[in-house]
Amino acid sequence: MFKRLMGAVLLALLPGQHALADELLDALQRAAPQLEGRALQDALQALRCVEGEVDVSDQARRLAVIDYSRSSLERRLWVFDLTHRHLLQREFVAHGRQSGELFAERFSNLPGSHQSSLGLFRGAESYSGRHGHSLRLDGLEPAFNDQARARALVIHGADYVAPGWADRHGRMGRSLGCPAVQQEVIRVLVDQLKDGQYLFAWHPQMQQDRYRDCASLSAVRSAE
């Protein structure tokens, strides 16, 4: 807890370290100018809360950001290399069938909701299951997305996440809450995010400055 609070204080008070944070944000915004600025800013702040460091690229190597304010017809998943500060890929991603039709509008942490979850997740172990090569996710925000593993929310490939499907149905297919992606990219994406890298799912419904004092992620830092 003390380390987390000190990290927040340093971010707010030390100009040099604040400049490092701004440099990373600026670099990633240049790499992905179509990504909503608040989504990227929240993602990096949440990551700092968990990592306990201002220059998060010293710890985390890759970060994926989903902007659920965009329709499922758009490539709304960005994957960044934090070390080299560039964009690795931009992909289609599904939302839960109870989150909405073309747009995701409802989100939940509850098992059986069949809705997508928001916030910061850590990529865990990869495995081969009924959807093929997949990645388990651990939600890092208590009472917000921490039921991800219990809900079996994983990154997996799906035939319904494809331009051809969208041409026939007017939208991408929907999952039971998982951030499903195209079959063609699943293996690369899983390998990029497994074993401790990060995924951040964002929507404008999220409270402004949710991560300013790191309170939403305090239990994670305390446990570590």
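Scroll up a little and you will see the structure.
For clarity, every value in this text was computed on a predicted model and none was experimentally measured.

Conventions used here
Per-chain numbering applies: the sequence of each chain, read as written, is numbered from 1 onward. Only residues with pLDDT of 70 or above have their local features reported here, since the model is predicted, and side-chain atom pairs are shown and tallied only from 80 upward, although totals for entire chains, interfaces and linings are computed over all residues. As a rule here, side-chain values cover all heavy atoms of the structure and leave hydrogens and water aside. Method remark: on a 1 Å grid restricted to protein atoms, a set of points is classed as a cavity if a 1.4 Å probe fits but cannot get out and as a pocket if it is open with protein on both sides within 12 Å along at least five of seven lines; lining residues have an atom within 4 Å of a point. Grid points are joined across faces, edges and corners, and a volume is the space filled by probe spheres set on the points. Amino acids outside the nonpolar list (Ala, Val, Leu, Ile, Met, Phe, Trp, Tyr, Cys, Pro) and the charged list (Asp, Glu, Lys, Arg) are all regarded as polar, and Gly is one of them. Think of it this way: DSSP has to see at least two bridges between two strands before they count as a pair. Secondary structure elements follow DSSP: runs of H or I of four or more residues count as helices, runs of E of two or more count as strands, with numbering from the N terminus. Here, residues are in contact when the closest pair of their heavy atoms is within 4.5 Å. Here an angle of 0 to 180 degrees is reported between the N-to-C directions of two axes, which are lines fitted to C-alpha atoms, with helices fitted over the stretch in contact. Put simply, a disulfide is two cysteine sulfurs that come within 2.5 Å. Working definition: with a 1.4 Å probe on protein chains only, accessible area under 20% of the residue-type maximum means buried, over 50% means exposed, and in between means partly exposed. Between 30 and 60 degrees the pair is tilted, below 30 it is stacked and above 60 it is edge-to-face, where a pair is any two Phe, Tyr or Trp rings, Trp via its six-membered ring, whose centres lie within 6.5 Å. For a ring to carry a charge above it, either NZ of a lysine or CZ of an arginine must fall within 6 Å of the ring centroid while also lying within 35 degrees of the normal to the ring plane.

Visitor: Talk me through empty space enclosed by the protein; I want residue IDs and the actual numbers.
Guide: Scanning the model with the defined rule gives 2 cavities of 30 Å³ or more in all. The calculated volume of the second largest cavity comes to roughly 60 Å³. Lining the second largest cavity we find Ile 66, Tyr 68, Ser 116, Ser 117, Phe 121, Leu 137, Leu 153, Gly 177, Pro 179, Leu 199 and Ala 201. For the lining of the second largest cavity, a count of residues per class yields 8 nonpolar, 3 polar and no charged.

Visitor: Report on the pairing of strand S5 (residues 132-139), specifying residues and quantitative values.
Guide: Taken together, the 7 bridges between strand S4 (residues 119-129) and S5 define a ladder with antiparallel strand orientation. Directly across from Gly 123, in S5, lies its bridge partner Leu 137. Between S4 and the antiparallel strand that follows it, S5, lie 2 residues. Judged from the 3 bridges that link them, S5 and strand S6 (residues 154-156) form a sheet pairing that is antiparallel. Paired with Arg 136 across the two strands is Val 154, which belongs to S6.

Visitor: Tell me what's going on with the side chain of Arg 210, and back it up with residues and numbers.
Guide: Along the chain, Arg 210 turns up in the loop between strand S7 (198-202) and helix H6 (218-223). With residues near it in sequence (within four places) discarded, Arg 210 still touches Glu 141, Phe 144 and Ser 216.

Visitor: Describe the sheet that holds S6, and please don't skip the residues or the numbers.
Guide: Here we have 7 strands laid out as an open sheet, ordered S3-S2-S1-S7-S4-S5-S6, and mixed in their pairing. The two strands at the open ends of the sheet, each matched to only one other strand, are strand S3 (86-91) and S6. Strand-to-strand twist of the sheet, defined as the mean angle between neighbouring strand axes without regard to direction, takes the value 30 degrees. Bridging between strand S1 (residues 62-67) and strand S2 (residues 77-81) involves 5 bridges; their strand directions are antiparallel. Note on S2: the bridge partner recorded for Arg 62 is Asp 81.

Visitor: Could you give an account of the state of the cysteines, naming the residues involved and the relevant values?
Guide: Under the counting rule described, the total for this entry stands at 1 disulfide. Disulfide pairing is shown between Cys 49 and Cys 214; the S-S distance is 2.1 Å. Here the disulfide of Cys 49 and Cys 214 is left-handed, its torsion about the S-S bond being about -80 degrees. Here the residue Cys 49 occupies a position in helix H3 (residues 37-51), and Cys 214 occupies one in the loop between S7 and H6, the gap between them amounting to 165 residues. There is no split in this pair, since Cys 49 and Cys 214 are both buried.

Visitor: For the environment of Trp 165, give the residues involved together with the corresponding values.
Guide: By the element assignment, Trp 165 lies in helix H4 (residues 163-169). Judged by its relative accessible area of 26%, Trp 165 falls in the partly exposed class. Not counting the four nearest positions on each side in its chain, Trp 165 is found in contact with Asp 159, Tyr 160, Arg 171, Met 172 and Gly 173.

Visitor: Just give me the short version of the packing of aromatic side chains, but keep the residues and values in it.
Guide: Counted by the stated rule, this structure contains 3 aromatic pairs. Each ring, one from Tyr 68 and one from Phe 107, has its centre 5.8 Å from the other, and the planes form 40 degrees; the classification is tilted. One end of the pair, Tyr 68, is in the loop between S1 and S2; the other, Phe 107, is in the loop between S3 and S4, with 39 residues separating them in the sequence. Relative accessible area serves as the criterion here: at 2%, Tyr 68 is assigned to the buried category. The exposure class assigned to Phe 107 is buried, which follows from its relative accessible area of 19%. Seen in terms of ring centroids, Phe 200 and Tyr 211 are 5.7 Å apart; in terms of plane orientation they differ by 70 degrees. Their pairing is edge-to-face. Here Phe 200, found in strand S7, pairs with Tyr 211, found in the loop between S7 and H6; they are 11 residues apart in sequence, far enough to count as distant. On the basis of relative accessible area, Phe 200 is assigned to the buried category, the value being 0%. Note on Tyr 211: relative accessible area 1%, which makes it buried. Sitting over the face of the ring of Tyr 127, Arg 136 holds its NZ or CZ atom 3.9 Å from the ring centroid. A cation sits over an aromatic face here: Arg 210 above Phe 144, 3.8 Å from the ring centre.

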